[in-house]
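Residue-level structure breakdown
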Amino acid sequence: MKGIQDSGLWRTRSFVDGQWLAGTARFTVSNPANGEPLAEVEEAGAAETTQAVEAADRAQRAWAKVPAAQRSTLLMSWHDLMLEHLDDLARILTLEQGKPLAEARGEILYGASYVKWFAEEAVRVYGDTIPGPSPDKRVLVIKQPVGVVGSITPWNFPNAMMVRKAAPALAAGCAFVAKPAAETPLSALAVAELAKRAGFPNGLFNVVVGTDAPAIGQVLTQHPVIRKFSFTGSTATGKRLLAQCAEGVKRTSMELGGNAPFIVFEDADLDEAVKGLMVAKFRNAGQTCVCSNRIFVQRSVYEAFADKVRAAVANLVVGDGLEEGTQIGPLVSQAAVDKVAALVAESEAQGAKAETVARVPEQGHYYPPTVLYHASNAMAAARNEIFGPVLPLIPFDDEASVVAEANDSEFGLAAYLYSRDIGRVFRVSEALEYGMVAVNDGILSNAAAPFGGIKASGHGREGSKYGLDDYLDIKYLCLGGMDR
Ligand code: SIN
């Protein structure tokens, strides 16, 4: 079966209350590398999502009482199963999403690292005692699970985005209902199979797959049992979902769009900066919210840096993610290719000079890695989140002007800077209006760090000790009469 060793991981039905649900209709999942159909998946909609939410409610009441150490052990078993089935999970991911197999393995390890992290954090949910305002009072603070969590996650990281929400939720004592993207439901269903094998109680972890996103989203944002909703995706969709959550005053975490600046100062190690840029730009073919979108290069080193970028990009191998040596896979759809092409055409009309890699497969949703020379912060490719392998190189003159340009965006997710001047590193890092700043590094995501943005990039943090708080309510206990 498509080279998958453990056929039990190839699932095409929603996972609700510990069962695989039969659907009345089906939708096709295709391989973006060649457009060929990959799987017929059974549709779930509002009714099945309601069933999942209600099962989660029943399971959560018991789960909240399970000792943290036991919750931690179950999460660890889930993590171990993910590593045991690394090859199969990576292959499923590449087949449905397109990223190169090595990168898909990296994503499975990345997702699993959050499960391990939160398995370890589950036993460290501390409260507080606070000096009271009078001799008779004591102030105690305890933390309790939020309850049932609904989530919607995107196609660009079909494993890690869902897993890094589910792991802290389950660790905190919550139950979880996931809705993965309809383009890439198979990775989430494979992980559900492993949750079943790990021994999580029925109903605690559910995956609902279907193409009617508005209907499913309505249940996940508005059902009275849902206490928290966590979303990763575009800012436009995030705003709609936030509005839906507002009606029931649900807690929310929103990991939305980005427009990351990548700043190269004249004192930077240019070779290191190019190395970092290749990862920050071309990871997942440029389809991540933290991909460098605007590359600002100080004018005095612009030509030297541009030559090094040209040489690095010329060597990129574009192709089917299952083929040995592929570095850049296809984009998710033809619509995505058309959108990137339109941004490049508009930027060229605005004065940029585009140069592309020559060899790209004819069949499949490919876009050639492209450098836009002499771009500006006002051009289409800089004003919009590209979500493709296009790299606009923008010259700048001084620190103050580049900080102003970098901050000139509604988004505030990730920013990157390269400099060997320690004073400048601190000044610029502090001045950048972003939730995450990488200094002399092209990859900032890891389980120990708080991932998340500000401004239109959303709120809430995933990973780190802060990530667990997103799934915990603070309760204050006021103890009176303590002096009698
Ligand atoms: C994203 O693109 O939304 C997440 C990327 C990451 O976790 O590094």
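These figures come from a predicted structure and were not determined experimentally.

**Regarding the site of the ligand**
The local shell around the ligand holds 13 residues, among which Tyr110, Arg164, Arg283, Cys289 and Ser445 are the closest. For the ligand, an oxygen atom lies 2.7 Å from a polar atom in the side chain of Tyr110. Take Cys289: an N or O atom from its main chain is 2.7 Å from an oxygen atom of the ligand. Contact with the protein chains hides 100% of the accessible area of the ligand, taken as 260 Å² for the molecule alone. Looking at side-chain class alone, the shell around the ligand contains six nonpolar, four polar and three charged residues. Mapped onto the domain boundaries, the shell around the ligand takes at least three residues apiece from domain 1 (7-256 + 462-476) and domain 2 (260-442).

**Digging into the packing of aromatic side chains**
Throughout the structure, instances matching the rule amount to 10 aromatic pairs. The interplanar angle of 65 degrees and the centroid separation of 5.2 Å between the aromatic rings of Trp78 and Phe205 together place this pair among those described as edge-to-face. Of this pair, Trp78 sits in helix α2 (residues 68-84) while Phe205 is found in strand β9 (residues 205-207), placing the two residues 127 residues apart along the sequence. Phe205 shares its class with Trp78; the two are buried. Grouping aromatic residues by their ring pairs yields a cluster made of Trp63, Trp78, Phe176, Phe200 and Phe205. Just above the ring of Tyr471 sits the side chain of Lys228; from NZ or CZ to the centre is 4.7 Å. The ring of Tyr110 has Arg283 lying over it, and the distance from NZ or CZ to the ring centre is 5.9 Å.

**A short note on the environment of Arg383**
With respect to the helices, strands and loops of the structure, Arg383 is situated in helix α12 (residues 380-383). Take Arg383: its relative accessible area is 35%, and that puts it in the partly exposed class. Sequence separation between Arg383 and Arg294 is 89 residues, and the spatial gap between their C-alpha atoms is 8.8 Å. Beyond its immediate chain neighbours, meaning those up to four positions away, Arg383 contacts Asn259, Asn377, Ala378, Asp408 and Ser409.

**Considerations on the pairing of strand β6 (residues 138-145)**
In the sheet, strand β5 (residues 128-130) pairs with β6 via three bridges, with the strands oriented antiparallel. Within the sheet, the bridge partner assigned to Thr129 lies in β6 and is Leu140. Here β6 runs beside strand β22 (residues 472-479); their pairing, made up of eight bridges, is antiparallel. Bridging across to β22, Val141 finds its partner in Tyr476.

**A closer look at the pattern of salt bridges**
One pass over the structure, following the stated rule, counts 29 salt bridges. Notably, a salt bridge pairs Arg197 with Glu193, separated by 2.7 Å at the nearest N-O pair. Here the residue Arg197 and the residue Glu193 both occupy positions in helix α6 (residues 186-198), the gap between them amounting to four residues, near one helical turn. By relative accessible area, Arg197 is classed as partly exposed at 36%. A salt bridge links Asp307 to Arg310, with the nearest nitrogen and oxygen atoms 2.9 Å apart. You can see Asp307 and its partner Arg310 sitting in helix α10 (residues 302-314), three residues apart, about one turn around the helix. With relative accessibility at 43%, the residue Asp307 sits in the partly exposed group.

**Digging into the domain arrangement of the chain**
Along its sequence, the chain is organised into domain 1 (7-256 + 462-476) and domain 2 (260-442). Once you take the C-alpha centre of each, domain 1 and domain 2 turn out to be 31 Å apart. The partner domain 2 presents 23 residues to the 21 residues of domain 1 that form the contact. Together, the buried faces of domain 1 and domain 2 total about 1800 Å²; carbon and sulfur atoms form 58% of this surface. Looking only at domain 1, the three residues that lose the most surface to domain 2 are Pro32, Ala33 and Trp155, adding up to 27% of its buried area. Applying the counting rule to domain 1 against domain 2 returns zero salt bridges.

**Side note on the sheet that holds β6**
The antiparallel open sheet is built from three strands, whose spatial order is β5-β6-β22. Both outer strands of the open sheet, β5 and β22, are each paired with one neighbouring strand and no more. In this sheet, neighbouring strand axes are inclined to one another by 25 degrees on average, regardless of whether the strands run parallel or antiparallel.

**Considering unusual backbone geometry**
If you check the backbone angles, His374 has positive phi at about 50 degrees while not being a glycine. Relative to the helices and strands, His374 is located in the loop between β15 (370-373) and α12. Phi angles above zero are rare outside glycine, and Lys455 is one such case at about 50 degrees. Summarising the element assignment, Lys455 is placed in strand β20 (residues 454-455).

**Thoughts on the sheet that holds strand β12 (residues 260-264)**
Spatial strand order, β14-β15-β16-β13-β12-β18-β19: seven strands in an open sheet with mixed pairing. In this open sheet, the two edge strands, each paired with only one partner strand, are β14 (353-356) and β19 (436-439). Strand-to-strand, the axes of this sheet are offset by a mean angle of 20 degrees, without reference to chain direction. Here β12 runs beside strand β18 (residues 414-418); their pairing, made up of three bridges, is parallel. Its bridge partner being in β18, Ile263 is matched across the sheet by Leu417. Seen against the sheet, α10 touches β12, β13 (292-298), β14, β15 and β16 (390-396) and runs at an angle of roughly 170 degrees to β16.

Parameters and conventions
- Residues numbered from 1 in each chain as written.
- Predicted model: local features only at pLDDT ≥ 70, side-chain atom pairs only at ≥ 80, totals over all residues.
- Heavy atoms only, no water.
- Near = heavy atom within 4 Å.
- Polar contact = N/O pair within 3.5 Å; in protein donor to acceptor, adjacent residues only side chain to side chain.
- Areas by Shrake-Rupley, 256 points an atom, 1.4 Å probe, with all protein chains shown as cover.
- Nonpolar A, V, L, I, M, F, W, Y, C, P; charged D, E, K, R; others polar.
- Domains from an automatic or database assignment.
- Phe/Tyr/Trp six-rings, centres within 6.5 Å; stacked < 30°, edge-to-face > 60°.
- Helix = DSSP H or I, 4+ residues; strand = E, 2+ residues; numbered from the N terminus.
- Buried < 20%, exposed > 50% of the residue type's maximum accessible area, 1.4 Å probe, protein only.
- Lys NZ or Arg CZ within 6 Å of the ring centre and 35° of its normal.
- Contact = heavy atoms within 4.5 Å.
- Pairing = 2+ DSSP bridges.
- Salt bridge = Lys/Arg side-chain N within 4 Å of Asp/Glu carboxyl O.
- Buried area = accessible area lost by both parts, 1.4 Å probe.
- Axes fitted to C-alpha atoms, helices over the stretch in contact; angles between N-to-C directions.

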